[in-house]
Amino acid sequence: MDFRFTPEQEAFRDSVRRFAEKHLAAGALDRAHATDYPWDVSRLMAKQGLLGITVAEADGGQGGALMDAVIAIETVASVCPRSADVVQAGNFGPIRVLAEYGTPRQKERYLERLLAGEGVISVGMTEPEAGSAVTDLTTTATADGDGYRISGSKIFTTHAPYADVILAYVRFGPGVGGIGSVLVDTKSPGVRFGQRSTFMSGEEWAQIYFDDAYVPPEMVVLREGGFKKQIAGFNVERIGNTSRSLALGRYAYERAREWAMQRKQFGRLLCEFQGLQWKFADMKMKLDAGQLLLYRAAANADRGFPSAEETAIAKAYCNQAGFDVANEALQVMGGLGYSQEALVEYCVRRCRGWMIAGGSIEILKNRIAESVFERTFSQRPGG
Ligand SMILES: Cc1cc2nc3c(=O)[nH]c(=O)nc-3n(C[C@H](O)[C@H](O)[C@H](O)COP(=O)(O)OP(=O)(O)OC[C@H]3O[C@@H](n4cnc5c(N)ncnc54)[C@H](O)[C@@H]3O)c2cc1C
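Procedures and definitions
- Residues numbered from 1 in each chain as written.
- Predicted model: local features only at pLDDT ≥ 70, side-chain atom pairs only at ≥ 80, totals over all residues.
- Heavy atoms only, no water.
- 1 Å grid on protein atoms, 1.4 Å probe; cavity = no way out; pocket = protein on both sides within 12 Å on 5 of 7 lines; lining within 4 Å.
- Points joined across faces, edges and corners; volume = space filled by probe spheres on them.
- Helix = DSSP H or I, 4+ residues; strand = E, 2+ residues; numbered from the N terminus.
- Near = heavy atom within 4 Å.
- Polar contact = N/O pair within 3.5 Å; in protein donor to acceptor, adjacent residues only side chain to side chain.
- Areas by Shrake-Rupley, 256 points an atom, 1.4 Å probe, with all protein chains shown as cover.
- Nonpolar A, V, L, I, M, F, W, Y, C, P; charged D, E, K, R; others polar.
- Expected span 1.5 Å × (residues − 1).
- Buried < 20%, exposed > 50% of the residue type's maximum accessible area, 1.4 Å probe, protein only.
- Axes fitted to C-alpha atoms, helices over the stretch in contact; angles between N-to-C directions.
- Parallel < 35°, antiparallel > 145°, perpendicular 65-115°, else oblique.
- Left-handed = near helix turned anticlockwise from the far one by under 90°.
- Contact = heavy atoms within 4.5 Å.

(A) View of the layout of surface pockets. Of the volumes computed, that of the second largest pocket is approximately 760 Å³. F5, M67, E74, Q291 and Y295 are, among the 25 residues lining the second largest pocket, the residues nearest its centre. Among the elements of the structure, α1 (7-23), α4 (66-79), α8 (227-260) and α9 (274-299) are those that each provide at least two residues to the lining of the second largest pocket. Per-element accounting of the lining of the second largest pocket gives the leading share, seven residues, to α9.

Next comes the structure, spelled out in structure tokens:
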């Protein structure tokens, strides 16, 4: 077993770092407080080959491994936390499901634009009455000629206000087996957005309404029975979310470490107080432990798809660790840490959201417990 990067991985990390320092370091603070999608960063990353890292070369991607995408997202985040969202959208999110399960026609219509950094795709799973219990979703796909009419609504959809297309989880029939997915163009008739709302992180979202929106047959990604495949693809999204949790925790830690080595109180550097040294020791242990869990899940990924169990363990741990570390880093930086002059408070706010998004920590622990006891535990009444 070797815990070091290969020479190729190191070279890739160094090239991403040089790119990030040259193009993303300046403006990192402004970007974190801007609400719009960073399209300039998106186009730059497309040129640099940082979108579609794991997408097959035949489909316009780089044909790399999931680990490469993890290296890219971590390295970008270490320079500009907000820009890591672009790496997420271009590699880990619904784009990966589209690349894996989409038809040549769907890829031609959307993937090219997404990989060029000109567009973004969102995933619409969550509904007002179906959050953690996602299989309770009620958005329906009803046959109409060769195509389908989509009716229902989605909430909390990341990037929805800027997305060209939504990968929407829909119900073709009853039960878990009735769930599949379709691509819905956000400009098509019958698609409407509610009022914009803002998360604690500053990200905007808007409720999406599908009022009998017509989807042609060629825009079905997975028919009924597709839920398992969909979740296999969603585990990739979770790895991106895990990576950003840890990377933003590390970003905040690095800023606090630098601060502790230059800030003096009581005539001594902060790093000379044992009360703060122990905080740093705890932070370091959490970051290193999370790093190993994340790399295990990514390195073991089979054809780019990580195992559900290793992903759940990595995500639950890193979501908590990233938040705890960022929060402690803020504490160490005192009033400066709490101020928007530094990016540390931003890291705390972002990390907080990932404890909920993409499968909350509690839901992931339920999944881990099922692996521990090698049985399922229904969460439903009488289950
Ligand atoms: C920043 C952010 C981005 C998001 N982006 C997207 C997106 O792009 N697309 C999308 O579809 N959705 C998105 N979501 C929605 C997200 O997936 C849901 O918020 C999440 O699944 C939880 O659902 P809920 O908010 O309805 O909470 P609920 O399901 O109502 O849960 C409330 C609380 O109860 C706990 N809980 C629920 N059931 C159990 C149980 N059985 N055992 C133990 N605890 C339980 C939960 O962990 C949570 O703490 C995003 C959310 C956030 C915060």
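(B) Molecular detail of the site of the ligand. Around the ligand, the structure places 20 residues, and the nearest of them are V123, T126, S132, T158 and S360. One nitrogen or oxygen atom from the side chain of T126 is found 2.7 Å from a nitrogen atom belonging to the ligand. In the environment of the ligand, a nitrogen atom lies 2.8 Å from a nitrogen or oxygen atom belonging to the side chain of T158. Against a free-state accessible area of 970 Å², the protein chains account for coverage of 67% of the ligand. Elements represented by at least two residues in the shell around the ligand include exactly β1 (121-124) and α13 (361-373). In the shell around the ligand, the residues fall into seven nonpolar, 11 polar and two charged.

(C) A look at α4. Taking 1.5 Å of rise per residue, 14 residues should cover 20 Å, and α4 covers 21 Å from first to last C-alpha, within 8% of that figure. For α4, the tally of buried residues reaches 13 of 14 residues, placing the bulk of the element in the interior.

(D) The packing of α8 against helix α12 (residues 344-354), seen in detail. One can describe the packing of α8 onto α12 by two numbers: an axis separation of 9 Å at closest approach and a directional angle of 155°. Considering the angle they form, α8 stands roughly antiparallel to α12. With respect to the hand of their crossing, α8 and α12 are arranged in left-handed fashion. Along its contact with α8, which presents N241, R244, S245, L248, G249, Y251, A252 and R255, the element α12 presents V344, Y346, C347, R350, C351 and W354.

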